[in-house]
Amino acid sequence: CKNGRDIWVKLTVSPMWMQGAKPDYHIVVIQDITGHKQAEEQVHQLAFYDSLTRLPNRRLFLDRLQQAQVHSTRHKTNCAILFIDLDNFKTRNDTRGHDVGDLLLIEVAERLRSSVRSSDTVARLGGDEFVVIIEGLSEDTVPAAGQAKDIGEKFLASITQPFKLQEFEYHGSSSIGIRLFRDGETSIDDLLKHADTAMYQAKTAGRNTLCFFDPSMQIALEMRTTMAIELRQAIARQQFKLHYQRQVNAEGTVVGAEVLLRWQHPERGMISPMIFIPIAEETGLIVPLGKWVLQMACAQLKQWEHDPDTRNFQLAVNISARQFRQLDFVDEVLEVLRKSEADPLKLKLELTESLVLQDIVHSIEKMEILCNAGIRFALDDFGTGHSSLTYLKRLPLEQIKIDQSFVNDIATDPSDEIIVRTIIVMSNSLGMKVIAEGVETEDQRDFLARNGCYTYQGYLFGRPMPIEDFQKLLSRFQKI
Ligand code: C2E
Ligand code: CA
Ligand code: CA
C-alpha cells in the first residue's frame, strides 16, 4: 500500500474481446483480503494451538505423533513421548487462584520449550498435562532410553526451579512418563496411553521423578548406570584381562594375534566387550582403558622379540572411535610404543570403516603420522559400512578384515559369496592384504583360499585365550 503497509490481495484478470482472436483489453480487479487471511490464521490457531500457552494442542500433537512414527519407521531411529504432569497443581490452583495458575502454565510451557530443540514438539493436552515428542534418538534401544531419560531429567530440574508469579514464589515439581517407540506397530492412541500410564507410575513412585512404560527399559538403564560406576573401579581393581586370538596363514602357521579385552567381574563373571565397550565409550573410560590395552600389547610384543618363534608375530589392537578422536591419540600411541621399546612394525591398529569415514581428513592425517612411525593399520568389520573406493584408496591401510557375518554365510548365501570375492579382488588391486575373521569351518577356509584370501582368524584355528594358553599351544604345535 501507499502507506507502506503490506496487505494480502486477490487478483482477478479477465480478458475482453471486441473483435478478432486477441483480447483488446483486460479488466483487473484487486481485492484486499487481509481481513479474511487474518481470520483464517485465527481459525488455524484456535483449531491447532492452545490459546493460553500457544503450544500445539491435542489435535496437532496427534498429527505430529503420526508423522514422527512414519519418520522413525523409515529412518530406523527411536523416538520418545514424554508425558509431563505437574505435581499438586490442582490444589495450588484452587488456593492461589486461576490467574496465578495460568501464569504458572505459561511459564512451564516456556521452560519445556526452551529445553528441547525447535524440531521437537512440545504440546499441552489440557489442564496441567504437557507432552513432548523427541525425534531422532539413537537406533539402539538402551542408548535411546538413556537420551530420553536425560531430557526428562532436564525437565524435572527446570520445573523444580522456583517460579516468580505476581508476588508469589512458587515451588513445584512434576512427574514424567516416557514411552519409547520406533515403528508403526503401536497405534498413536496407545502410545499416548502408555506414556500416561508411566506418568502415573512416576506419581506413585513419589513424584518429582520419571518412569518408563517398559519396566525392562528402566532396569536396563539402571544396570547401565551401575556398570558405568563399576567399570570405573575395574581398572584399578585389575579386573581386566586380555585374550589373544591367533591369526594364521595358508599353511596354518601362526603369524600373529588379535588382542581382545575381557572383564572378569567379581559377581557377574566374564562380561563381553560387546556389552561394556559401548558403556566405556559413552563414559569416556575407553580412553584410559584403551591405553592400558595398548601398553599390555606392546609389552607382549617386546617379550616375543626374545624368542625366534614369536619374533615376527604381529599384534592387532582394536581402537574405538572415542579413543581415536582424542587430540593426543597419536602422541599417546607413540609414547606407549617408545616406553615399551617394542618394534612399531609389529603393531597393528584395527579401525572400523565408520570411525575412519566420520572425519576422513583428520583420520588420514593421524593414520599417516603413525604409519610413518612404522605402525600398520587394518580396517575391521569390512563390508558392513559404506566405504567407497575413492576413500579406501586414500587410507594408509595394510590390511582389510572381511567381517565375520559374510564369512559365516559364504557356504549358504550366494550374495555373500559375491561380496567376499569382490572384497578380495578389490583389496588385491589396491595393494592391500586381506584377512578373514570368524572362520569356523574347513569349507569356509577352502572357499576363501580358492578366491585368494590366505590369512585367517577364527574358531577353526583357535578361540581367544589367555596368553599362557596361547603360548602353551604354540610350543605344542612346534613340537609336532
Ligand atoms: P571384533 O574386533 O570384530 O572382534 C572379533 C570378535 O569375534 C571377538 O569377539 C572374537 O572373540 C569373535 N570371534 C573370533 N573368532 C570367531 C569365530 O570363529 N566365530 C565367531 N562367532 N566369533 C568369533 P569379542 O572378543 O567378544 O569382541 C567383540 C568386540 O568387542 C570386538 O569385535 C571389538 O569390536 C570389541 N573389543 C574387544 N576388545 C577390545 C579392545 O581392547 N578395545 C576396543 N576398543 N574394542 C574391543
Ligand atoms: Ca577387531
Ligand atoms: Ca571384526
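Located above this text is the structure these notes cover.
Cut-off values and rules
Residues numbered from 1 in each chain as written. Chains lettered and ligands numbered in written order. Predicted model: local features only at pLDDT ≥ 70, side-chain atom pairs only at ≥ 80, totals over all residues. Heavy atoms only, no water. Helix = DSSP H or I, 4+ residues; strand = E, 2+ residues; numbered from the N terminus. Buried < 20%, exposed > 50% of the residue type's maximum accessible area, 1.4 Å probe, protein only. Contact = heavy atoms within 4.5 Å. Donors = N, O, S within 2.8 Å, 3.2 Å for Na, K, Ca; no water. Expected span 1.5 Å × (residues − 1). Polar contact = N/O pair within 3.5 Å; in protein donor to acceptor, adjacent residues only side chain to side chain. Near = heavy atom within 4 Å. 1 Å grid on protein atoms, 1.4 Å probe; cavity = no way out; pocket = protein on both sides within 12 Å on 5 of 7 lines; lining within 4 Å. Sits in = over half its atoms within 2 Å of the grid points. Nonpolar A, V, L, I, M, F, W, Y, C, P; charged D, E, K, R; others polar. Pairing = 2+ DSSP bridges. Points joined across faces, edges and corners; volume = space filled by probe spheres on them. Axes fitted to C-alpha atoms, helices over the stretch in contact; angles between N-to-C directions. Phe/Tyr/Trp six-rings, centres within 6.5 Å; stacked < 30°, edge-to-face > 60°.

Draft legend 1. Here's a closer look at the overall build of the protein. The number of helices and strands found in the protein is 18 helices and 18 strands. Dimensions of the protein, computed from C-alpha atoms along their principal axes, come out at roughly 100 × 80 × 45 Å. By residue count, 44% of the 480 residues in the protein fall in the buried class. Long-range contacts, defined as pairs at least 24 residues apart, comprise 66% of the intrachain contacts of the protein with a sequence gap of at least 6.

Draft legend 2. Region of interest: the coordination of the calcium ion (ligand 3). Taken together, the protein donors to the calcium ion (ligand 3) comprise Asp380 (OD), Asp381 (OD), Glu437 (OE) and Glu437 (OE), at separations of 2.2 to 2.6 Å. Each donor residue of the calcium ion (ligand 3) lies on the same chain, and together they follow the pattern D-D-x55-E. In this structure, the calcium ion (ligand 3) is positioned 4.0 Å from the calcium ion (ligand 2), and both are ligated by Asp380. With relative accessibility at 8%, the residue Asp380 sits in the buried group. When its relative accessible area of 25% is taken as the criterion, Asp381 is described as partly exposed.

Draft legend 3. Fine view of the coordination of the calcium ion (ligand 2). Note on the calcium ion (ligand 2): its protein donors are Glu258 (OE), Asn318 (OD1), Glu350 (OE) and Asp380 (OD). The metal-donor distances range over 2.1 to 2.3 Å. Sequence spacing among the residues donating to the calcium ion (ligand 2) works out to E-x59-N-x31-E-x29-D. Overall, Glu258 belongs to the buried group, its relative accessible area being 4%.

Draft legend 4. Seen up close, helix H2 (residues 58–75). For H2, built from 18 residues, the straight-helix expectation of 26 Å at 1.5 Å per residue is met to within 8% by its first-to-last C-alpha distance of 25 Å. Of the positions making up H2, those classed as buried are Leu60, Phe61, Leu65, Ala68, Gln69 and Ser72. Contact partners of the buried residues in H2: helix H1 (34–48), strand S3 (78–86), strand S4 (121–126), strand S5 (129–137), strand S8 (174–181) and helix H6 (188–204). With a side-chain oxygen positioned 3.1 Å from the backbone nitrogen of Arg59, the residue opening H2 is Asn57.

Draft legend 5. Focus on the site of ligand 1. Taken together, 21 residues form the shell around ligand 1, and within it Gln245, Arg262, Gln404, Glu440 and Tyr459 come nearest. Within the side chain of Asp380, one N or O atom sits 3.0 Å away from an oxygen atom of ligand 1. One of the side-chain N or O atoms of Asp381 is found 3.3 Å from an oxygen atom in ligand 1. Judged by its atoms lying within 2 Å of the grid points, ligand 1 is housed in the largest pocket. When residues of the shell around ligand 1 are traced back to their parent elements, those giving at least two are strand S11 (254–265), helix H8 (273–283) and strand S15 (376–382). A breakdown of the residues in the shell around ligand 1 according to their chemical character gives nine nonpolar, six polar and six charged.

Draft legend 6. Examining the pairing of S3 more closely. Of all the nine residues making up S3, nine are buried; the element is thus mostly covered by neighbouring parts of the structure. Residues Asn78, Ala80, Leu82, Ile84 and Leu86 of S3 are buried on one face, and the alternating residues Cys79, Ile81, Phe83 and Asp85, pointing to the opposite face, are buried as well. Relative to S8, S3 runs antiparallel, the two being bridged by eight bridges. The residue bridging Ile84 from the neighbouring strand is Ile176, located in S8.

Draft legend 7. View of empty space enclosed by the protein. Inspection of the entire model under this criterion finds three cavities of 30 Å³ or more. Quantified by volume, the largest cavity comes out at close to 80 Å³. Forming the walls of the largest cavity are Val287, Gly290, Lys291, Leu294, Gln323, Gln326, Asp328, Phe329, Glu332 and Val333. At the level of secondary structure, the elements contributing two or more residues to the lining of the largest cavity comprise helix H9 (286–304) and helix H11 (329–340). Take the lining of the largest cavity: its biggest share by element is four residues, from H9.

Draft legend 8. A look at the sheet that holds S3. Strand order in the open sheet formed by five strands is S4-S5-S3-S8-S9, with mixed pairing between adjacent strands. Of all the strands in the sheet, the pair left with one neighbour each is S4 and strand S9 (210–212). Strand-to-strand twist of the sheet, defined as the mean angle between neighbouring strand axes without regard to direction, takes the value 20 degrees. In the sheet, S8 pairs with S9 via three bridges, with the strands oriented parallel. Note on S9: the bridge partner recorded for Gly177 is Cys211. Taken strand by strand, H2 contacts S3, S4, S5 and S8, and its axis lies near 20 degrees from that of S5. Packing of helix H5 (residues 141–160) onto the sheet brings it into contact with S3, S5, S8 and S9, and relative to S8 it is tilted by some 160 degrees.

Draft legend 9. Spatial organisation of the packing of aromatic side chains. Within the structure shown, the criterion is met by 11 aromatic pairs. Ring centres of Phe240 and Phe276 lie 5.7 Å apart, and the angle between their planes is 50 degrees; on these two criteria the pair is classed as tilted. With a gap of 36 residues between them, Phe240 in strand S10 (residues 240–248) and Phe276 in helix H8 connect regions that are remote in the sequence. A centroid spacing of 5.7 Å and a plane angle of 85 degrees characterise the contact between Trp263 and Phe276, whose relative ring orientation is edge-to-face. Taken as a pair, Trp263 in strand S11 and Phe276 in helix H8 lie far apart in primary sequence, 13 residues in all.

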